[in-house]
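The residues making up each chain are set out below.
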Amino acid sequence: MKVDLHNHTILCNHATGSINEYVESAIEHGIEFFGFSDHAPMHYDPEYRMRFDQMDLYESWIKDAQIKYSDQITLFLGYEVDFLPGYMDESVLQRACDYLIGSVHFIDDWGFDNPEFIGRYEGADINAIYERYFALIEEMALSRRFDIVGHLDLLKVFKFLPTKDIRFLAKNALEAIKRSDMTIEINMSGYRKPIAEAYPSPLLLESIAELQIPITFGSDAHRSDQIALFSKEVVTLARTYGYSECAIYRDRKRTMIKF
């Protein structure tokens, strides 16, 4: 795997390891383009993200690593931003960086991928939940504030799956992603979760390929030993659906490279 754009730091309060450990792990795994995209601050759920006053520190860590490892790997500076209407901050959305990953972790006040709140799935209309989730993905895409869609079908994390065809449920969201010229990451972290597959699923990736939406790759690592874990699987998955190029970003501008 040559590209890995979704990785975290200790500033999010639920990751371990140093910047250097992550970068050196990436180098060991033959990654040529590696990005940090830690959880950006917002005025909600502060225990799972950096503070506003830590953004300069975060950026300084990445910039120092870019210099230290300049002859071994290309490093990028990004943020993963929660799409949560009413809580996103313009100081984050307008921040100078290489890319913004837009992710949906909340349906209103429900952090649906947090095991603490798994009980809210029980007895719920799962199809209606998926419809609401993909409506938020669509809204995020149409905002045109983000470059990459993070873990497109994260809602499946605990294996609560819809009875309706996921391609139908995601159709409007995918069309909005296409119109907004966003990239969809193939995120490896799903293999580490109960669902035990990548985000997005093969069925969704089939639709993504039909729409010719660009892809990229992300370990979504919260520890250095998670970097490139299941990389062979996601590269094979991408190639199965006809992909041979993936996206990297510098200063919010996309370049496609062979993988």
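It should be noted that the structure appears before, not after, this text.
Okay, so let's go over this structure.

Definitions and limits used
Residues numbered from 1 in each chain as written. Predicted model: local features only at pLDDT ≥ 70, side-chain atom pairs only at ≥ 80, totals over all residues. Heavy atoms only, no water. Core = buried A, V, L, I, M, F, W, Y, C linked by side-chain atoms within 4.5 Å. Buried < 20%, exposed > 50% of the residue type's maximum accessible area, 1.4 Å probe, protein only. Contact = heavy atoms within 4.5 Å. Pairing = 2+ DSSP bridges. Helix = DSSP H or I, 4+ residues; strand = E, 2+ residues; numbered from the N terminus. Phe/Tyr/Trp six-rings, centres within 6.5 Å; stacked < 30°, edge-to-face > 60°. Salt bridge = Lys/Arg side-chain N within 4 Å of Asp/Glu carboxyl O.

## Regarding the nonpolar core
- Judged by nonpolar contacts, the single largest core of 90 residues is most densely connected at Phe-134, Leu-152, Ile-177, Ile-215 and Phe-217.
- With residues up to four places along the chain from it excluded, the contact list for Leu-152 reads Tyr-133, Phe-134, Ile-137, Leu-174, Ile-177, Ile-184, Tyr-199, Pro-200, Leu-204 and Ile-208.

## A closer look at the sheet that holds strand β2 (residues 33-39)
- Taken in spatial order, the 7 strands of this open sheet run β1-β2-β3-β4-β7-β8-β9, and their pairing is parallel. Strand pairing shows two members of the sheet lacking a second neighbour, β1 (3-4) and β9 (215-218), which therefore form its edges.
- With 4 bridges joining them, strand β8 (residues 183-187) and β9 adopt parallel strand pairing. Residue pairing in the sheet places Ile-184 in a bridge with Ile-215 of β9.

## Topic: the pairing of strand β4 (residues 99-103)
- Among the 5 residues of β4, 5 are classified as buried, and the element is accordingly described as predominantly covered.
- Alternating residues of β4 divide into Tyr-99, Ile-101 and Ser-103 and Leu-100 and Gly-102, and every residue in both groups is buried.
- Alignment of strand β3 (residues 74-82) against β4, held across 5 bridges, turns out to be parallel. Counted as the bridge partner of Asp-82 is Ser-103 from β4.

## What about the packing of aromatic side chains?
- Under the counting rule described, the total for this entry stands at 17 aromatic pairs.
- Here the aromatic rings of Phe-112 and Tyr-133 are separated by 5.4 Å at their centres, their planes lie at 85 degrees, and the arrangement is edge-to-face. Taken together, the positions of Phe-112 in the loop between β6 (110-111) and α4 (126-143) and Tyr-133 in helix α4 put the pair 21 residues apart, joining distant regions of the chain. For the pair shown, Phe-112 and Tyr-133 are each scored as buried.

## Observations regarding the pattern of salt bridges
- Counting across every chain of the model gives 18 salt bridges.
- For Asp-109, the salt bridge goes to Arg-120, with nearest N and O atoms at 3.5 Å. Here Arg-120 lies in the loop between β6 and α4 and Asp-109 lies in the loop between β5 (106-107) and β6, a separation of 11 residues in the sequence.
- Judged by relative accessible area, which is 52%, Asp-109 ranks as exposed.
- In this structure Arg-120 comes out as partly exposed when scored by relative accessible area, which is 44%.
- Shared partners join several salt bridges into a network, and the residues in it are Asp-45, Arg-49 and Asp-82.

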